[in-house]
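Below, each chain spelled out in residue letters.
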Amino acid sequence: MAGGWASLGLMPELVDAAENDFDWILPTGVQDECIPLILGGGDVMASAETGSGKTAAFALPTLQISHEEMTAAGSTRRKVAGKKESAGKSHPRILQFQMSVYDRDKNISIDSNSGGLLLQSRDINEWSGCRCDAGVASGGKWYFECTIRDEGIVRVGLSTKFASLDLGADEGGYGYGGTGMKVHRGKFEPYFIESDATKGKVSFGKNDVIGCLVNLLGENSSVSFSKNGIMIGKAFDIDLHESTKKDCQQYALFPTVSLKNAECELNFGRHGMNSFCFPPPSEEKYLPIASATTLSGKVENPQTPGSDSSLDYYGKREGPLAIVIEPTRDLAQQTYRVFSDFARRLSDPGIEAALLVGGINPQRVLRQLQRNNVHVVVGTPPIVMSYIKQGKIKTSRCCMFILDEVSD
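What follows concerns the overall build of the protein. Each helix and strand in the protein was counted, giving 8 helices and 21 strands. Across the 408 residues of the protein, 50% fall into the buried class. Contacts in the protein between residues at least 24 apart in sequence constitute 67% of all its contacts with a sequence separation of at least 6. About 19500 Å² of surface is accessible on the protein, with carbon and sulfur atoms providing 49% of the total.

This is the structure in structure tokens:
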């Protein structure tokens, strides 16, 4: 890759370790291909020759994801402490609008260099969806855009936290697709320009920019769309009146996309209305959805660690974040050394790797596991499986599983 290590989306600490501690000038082919995919949340299968740098290809992104998870967990604990200190006070918070790496289908990959805005799915048969880390529940008129980056099919809109990621398939989803159809409750209808239905339904494709306009003022809430700056008109009425009497989070609407062999890029207006390709007319008084705060109707996705609805999430999870299985003791030791060497560069929080193979005393590692202080376990199949069955290795926190040297 032309940009070298820095172009793969790795943390500066890991880039510096690769270039200076290991004297790796450029990533190898397998590293170049695998690291961005793993960081983007993809399930990756790779084949490479011995000496190709395969171990680092999975170790580096595993360490980074572990560090990000632990950072999010630390943020949650600080948030709980902050809630205790500021009980009774109300403070607006502006949190990052980005597509969630947690609330998505398995075929969705998110570009780690895009700030959580560029995503794709290469499944040609099934719809794959992804919801935003944050949404809006009441008050305000909000706007965001979705740019179609290739020839696949995209459906864009909003959904509630419990809705299907197949956008529009149930009562919680409101979607507009590239075929010119709008969909809600699984019912597809042609979507026409409101002022001139004779022009037929409005389809969209590569390079088109779809604007989503969410009006949550009063009882006549609605969702409308535009294409390349041309208003199509109201697509859906949304009855949020009853939600004011209930839990508003249940009725919050989160930006959502569903893809079929497609790529798209979201713009939530983090840099204001001028950052949009086609901002709505100023007299309409729409605001960038990224400017929403908790005092103006902003709601966090409960699937996202660190959100108000996930404060108990990290406290209840136990065990390593990643489990790496190697076929032999020697290979496990080599892999463990790679993890340990790179982990030394990570701090606040630090990442701890542990080795579980035959011929070593496991008591220190088991004590660390009991205290939930191990983030990556490297071991051989019989040892690791034995401790999992005995309950000594918990798996409720595990989000990565690496099976190395499967040909052996």
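The structure having been displayed, the exposition proceeds.
Another aspect to go through is the pattern of salt bridges. Scanning the model with the defined rule gives 13 salt bridges in all. R345 is the partner of D21 in a salt bridge, and the nearest nitrogen-oxygen pair spans 3.0 Å. Remark: R345 occurs in the loop between α6 (329-343) and β19 (353-356) and D21 occurs in helix α1 (residues 12-21); sequence separation between them is 324 residues. Given the relative accessible area of 43%, D21 is considered partly exposed. The closest approach of N and O atoms between E171 and R185, which form a salt bridge, is 3.5 Å. Of this pair, E171 sits in the loop between β7 (153-159) and β8 (173-177) while R185 sits in the loop between β9 (181-184) and β10 (187-190); the two residues are 14 residues apart in sequence, bridging distant segments of the chain. Salt bridges sharing common partners tie together D16, D21 and R345.

A few words now on the environment of N220. Counting through the fold element by element, N220 comes out in the loop between β11 (209-215) and β12 (221-227). For the pair N220 and I238, spaced 18 residues apart in sequence, the C-alpha separation works out to 7.1 Å.

Across the sheet, 4 strands lie side by side as β19-β20-β18-β21; this open sheet has parallel pairing. One side of each edge strand has no neighbouring strand; the edge strands of this open sheet are β19 and β21 (400-403). Sheet twist, expressed as the average angle between the axes of neighbouring strands with direction ignored, equals 15°. As judged from the 4 bridges shared by β19 and strand β20 (residues 376-379), these two strands associate in the parallel manner.

Once that is clear, we can look at the state of the cysteines. Think of a disulfide as a covalent bridge from one cysteine sulfur atom to another cysteine sulfur atom. Taken as a whole and judged by the stated rule, the model has 0 disulfides. Not part of a disulfide, C146 finds its nearest cysteine sulfur in C264, a span of 3.9 Å.

With that settled, consider the pairing of β7. Where burial is concerned, most of β7 is hidden: 6 out of the 7 residues are buried. Strand direction decides the pairing type here: β7 and strand β14 (residues 254-260), joined by 7 bridges, are antiparallel. Bridged to L158 within β14 is P255. Pairing of β7 with β8 involves 5 bridges; the strand directions are antiparallel. Residue pairing across strands places L158 opposite Y174, the latter belonging to β8.

What follows covers the confidence of the model for the protein. Mean pLDDT over the protein works out to 85, with 85% of the residues at or above the 70 mark. In this model, residues 76-81 is a region of pLDDT below 50 whose contacts with residues beyond four sequence positions or in other chains number 13 contacts. In the model, residues 241-248 has pLDDT below 50 throughout and makes 5 contacts with residues more than four positions away in sequence or in other chains.

The next point concerns the pairing of strand β4 (residues 128-132). Of all 5 residues that make up β4, 5 are buried, and the element is covered over most of its length. Where β4 lies against β14, 4 bridges are found, and the strand directions are antiparallel. Its bridge partner lying in β14, C130 is registered against V257.

The next point concerns the packing of aromatic side chains. Scanning the entire structure with this criterion turns up 13 aromatic pairs. Geometrically, the ring pair formed by F22 and W24 is tilted, given 4.6 Å between the ring centres and 40° between the ring planes. Here F22 falls in the partly exposed class, since its relative accessible area comes to 25%. With a relative accessible area of 26%, W24 lands in the partly exposed category. When the centroid spacing of 6.1 Å and the interplanar angle of 80° are considered together, the rings of Y191 and F225 count as edge-to-face. Here Y191 is found in the loop between β10 and β11, whereas its partner F225 is found in strand β12, with 34 residues between them in sequence. Judged by relative accessible area, F225 falls into the buried class, the value being 0%. Pairwise contacts between aromatic rings join W5, F22, W24 and F342 into one cluster. Its guanidinium or amino end placed over the ring of W127, R155 lies 4.1 Å from that ring's centre, counting from NZ or CZ.

To continue, consider the environment of I325. Along the polypeptide, I325 turns up in strand β18 (residues 322-325). The class of I325 is buried, set by a relative accessible area of 8%. Taking the C-alpha atoms as reference points, I325 and L356, separated by 31 residues in sequence, lie 9.9 Å from one another. Discounting residues that sit within four places of it in the chain, I325 has contacts with G379, P381, V384, F401, I402, L403 and D404.

Calculation criteria
- Residues numbered from 1 in each chain as written.
- Predicted model: local features only at pLDDT ≥ 70, side-chain atom pairs only at ≥ 80, totals over all residues.
- Heavy atoms only, no water.
- Helix = DSSP H or I, 4+ residues; strand = E, 2+ residues; numbered from the N terminus.
- Buried < 20%, exposed > 50% of the residue type's maximum accessible area, 1.4 Å probe, protein only.
- Contact = heavy atoms within 4.5 Å.
- Areas by Shrake-Rupley, 256 points an atom, 1.4 Å probe, with all protein chains shown as cover.
- Salt bridge = Lys/Arg side-chain N within 4 Å of Asp/Glu carboxyl O.
- Pairing = 2+ DSSP bridges.
- Axes fitted to C-alpha atoms, helices over the stretch in contact; angles between N-to-C directions.
- Disulfide = S-S within 2.5 Å.
- pLDDT = per-residue confidence, 0-100.
- Phe/Tyr/Trp six-rings, centres within 6.5 Å; stacked < 30°, edge-to-face > 60°.
- Lys NZ or Arg CZ within 6 Å of the ring centre and 35° of its normal.

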